[in-house]
Each structure stands twice: as structure tokens, then as C-alpha cells.
Amino acid sequence: MGFDVTPTVTQDWTNNIDGLEAGVNRLRPGGGTALFDAVYTACRDKLLDVSRGQEPVRKAIVLISDGDDNQSRVHPDEVIKECERAETIIYAISTNWTPSRGKGDNVLTEMAESTGGRVFFPPSVEEMSSSFKDIEEELRSQYALTYTPADFKDDGAFRSIYLYCTDRRYQARAKKGYFAPRP
């Protein structure tokens, strides 16, 4: 999915590598940037879509952007909530090649960290491939933890969670919480 003023799906769900490559090659730059609308739409229309079945899958968005947004109608907090509803991790790769971090980089960091993901700041476009390699490595080495709270209620409310390692040599990266199911 690409985005400028509106999000555009260039390749729907597939495991066909040639189809994915063709979809990436169909992406074109445009005027304006509706980053928040695009991520919100991806979660709402693609990642929350139950027509593909209810198979247990890990969902992640690899977001390549400078983090600036000048067209969205959706607020960043709404985007993060929609990602939480869709149980989707954001891995962001910044295209800000300057040595200083700007407002857009802070936006990417907030979106990634709030969903249990990470943001990458490659120093140049030529070094972006190492960010993809790091994302692949992280996705292959994740663990899923589940639990049921003693006072669990099916009320659709957001529940905050905090996960940490007792051995401080390690760092646990996790989403900030989840939405309880509705009855």
C-alpha cells in the first residue's frame, strides 16, 4: 500500500513474490502526505478484515516514511488505537537522511514503540536494506506470551500491560496494551 493524499493498494494479500514485487514497483510519489490516514486505513480495511479467516497470525506494518503528515483527517492517537485493535506492530524506517531528528521522526518513534515495534534511522537510502534485515530477524525471533487476568471482563475496554525482564541485560519490547473482546 502506498499513500500520498489517499492510500492506494497496489497488491492485495499474496505470498507470490513476483506479485509483491510488481506491487512495490507500481508505487508512485504524489503530492501531499496522509500518513495517519494510510496506517489507519490499512488496519481497518486490511488487518481487521475477518473475511480471510481467523487464523492466528502476527501482523506487522513496515512503514517507510519521513513521518511528516500534512493531509490526514485522522489524529495520531486514533492511528495507534486502530493498530492496537488490529493487534498490529509497526516497524518504521525513516527516510529523513539528515543527521538531526525532526518532528516526523518523533511521530514514527511514537507509533512504533506504542505498538511494540521499532523505528530505524538508516543514514542513507543505500543502507535501508540493513533495516529490512533487522526487521526480518526480529520477526523471526519473537515470542508470544498470553495470560488471562483474574478480573477479566468482555467489555471491549483497553487494558494496559507492562512487561519487563528481571535480568536487566535484556530488554522486552511489547505493545502498551490491548482491547478486551466484546461479548
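So, how was this worked out
- Residues numbered from 1 in each chain as written.
- Predicted model: local features only at pLDDT ≥ 70, side-chain atom pairs only at ≥ 80, totals over all residues.
- Heavy atoms only, no water.
- Axes fitted to C-alpha atoms, helices over the stretch in contact; angles between N-to-C directions.
- Helix = DSSP H or I, 4+ residues; strand = E, 2+ residues; numbered from the N terminus.
- Parallel < 35°, antiparallel > 145°, perpendicular 65-115°, else oblique.
- Left-handed = near helix turned anticlockwise from the far one by under 90°.
- Contact = heavy atoms within 4.5 Å.
- Pairing = 2+ DSSP bridges.
- Phe/Tyr/Trp six-rings, centres within 6.5 Å; stacked < 30°, edge-to-face > 60°.
- Buried < 20%, exposed > 50% of the residue type's maximum accessible area, 1.4 Å probe, protein only.
- Lys NZ or Arg CZ within 6 Å of the ring centre and 35° of its normal.
- Salt bridge = Lys/Arg side-chain N within 4 Å of Asp/Glu carboxyl O.
- Expected span 1.5 Å × (residues − 1).

Engineer: In this structure, what is going on with the packing of helix α2 (residues 35-47) against helix α3 (residues 76-85)? I would like to understand it.
Structural biologist: Two numbers describe a pair of packed helices, the interaxial angle and the distance between the axes. In the contact formed by α2 and α3, the axes pass within 9 Å of each other and the chain directions differ by 20°. Viewed along their axes, α2 and α3 adopt a mutual orientation that is roughly parallel. Considering how the two elements wind past one another, α2 and α3 form a crossing that is left-handed. Here F36, V39, Y40, C43 and R44 of α2 come into contact with α3, specifically with P76, E78, V79, E82 and C83.

Engineer: So what exactly am I meant to see when it comes to the sheet that holds strand β4 (residues 88-94) here?
Structural biologist: Paired through their backbone hydrogen bonds, the strands of a sheet run either parallel or antiparallel. Reading across from one edge, β3-β4-β5 is the order of the three strands in this open sheet, with parallel pairing throughout. Across the chains shown, the open sheet's two edge strands, defined by having one partner strand only, are β3 (59-65) and β5 (119-120). Sheet topology note: the β3/β4 ladder contains seven bridges and is parallel. Its bridge partner being in β4, L63 is matched across the sheet by A92. Helix α4 (residues 103-114) contacts β3, β4 and β5 of the sheet and is inclined by roughly 155° relative to β4.

Engineer: Quick question: what am I supposed to make of the packing of aromatic side chains here?
Structural biologist: Within a pair of aromatic rings, the relevant descriptors are the distance that separates the centres and the angle that separates the planes. For the structure shown, the criterion picks out two aromatic pairs. Here the aromatic rings of F158 and F179 are separated by 5.1 Å at their centres, their planes lie at 65°, and the arrangement is edge-to-face. On the criterion of sequence distance, the pair formed by F158 in strand β6 (residues 158-160) and F179 in strand β7 (residues 177-179) is long-range, its members being 21 residues apart. We classify F158 as partly exposed; its relative accessible area is 30%. The lysine or arginine in question, K81, covers the ring of F158, its NZ or CZ lying 5.9 Å from the ring centre. Above the face of the F179 ring, R85 is positioned so that its terminal group lies 4.8 Å from the ring centre.

Engineer: Mind showing me how you'd approach the pattern of salt bridges here?
Structural biologist: Inspection of every chain in the model, using the stated rule, returns nine salt bridges. Across the pair R85 and E82 runs a salt bridge whose closest N-O atoms are separated by 2.9 Å. Placement of the pair is R85 and E82 together in helix α3, with a separation of three residues, close to one helical turn. Residue classification places R85 among the partly exposed residues on the basis of a relative accessible area of 40%. E82 gets classed as buried once you look at its relative accessible area, which sits at 5%.

Engineer: Before we go on, may I ask you to explain α4 in this structure?
Structural biologist: Residue pairs spaced three or four apart in an α-helix point in one direction, given the helix's 3.6 residues per turn. With 12 residues, α4 ought to run about 16 Å at 1.5 Å a step, and its terminal C-alpha atoms sit 17 Å apart, in line with that. For α4, the complete set of buried residues consists of G104, D105, V107, L108, M111, A112 and S114.

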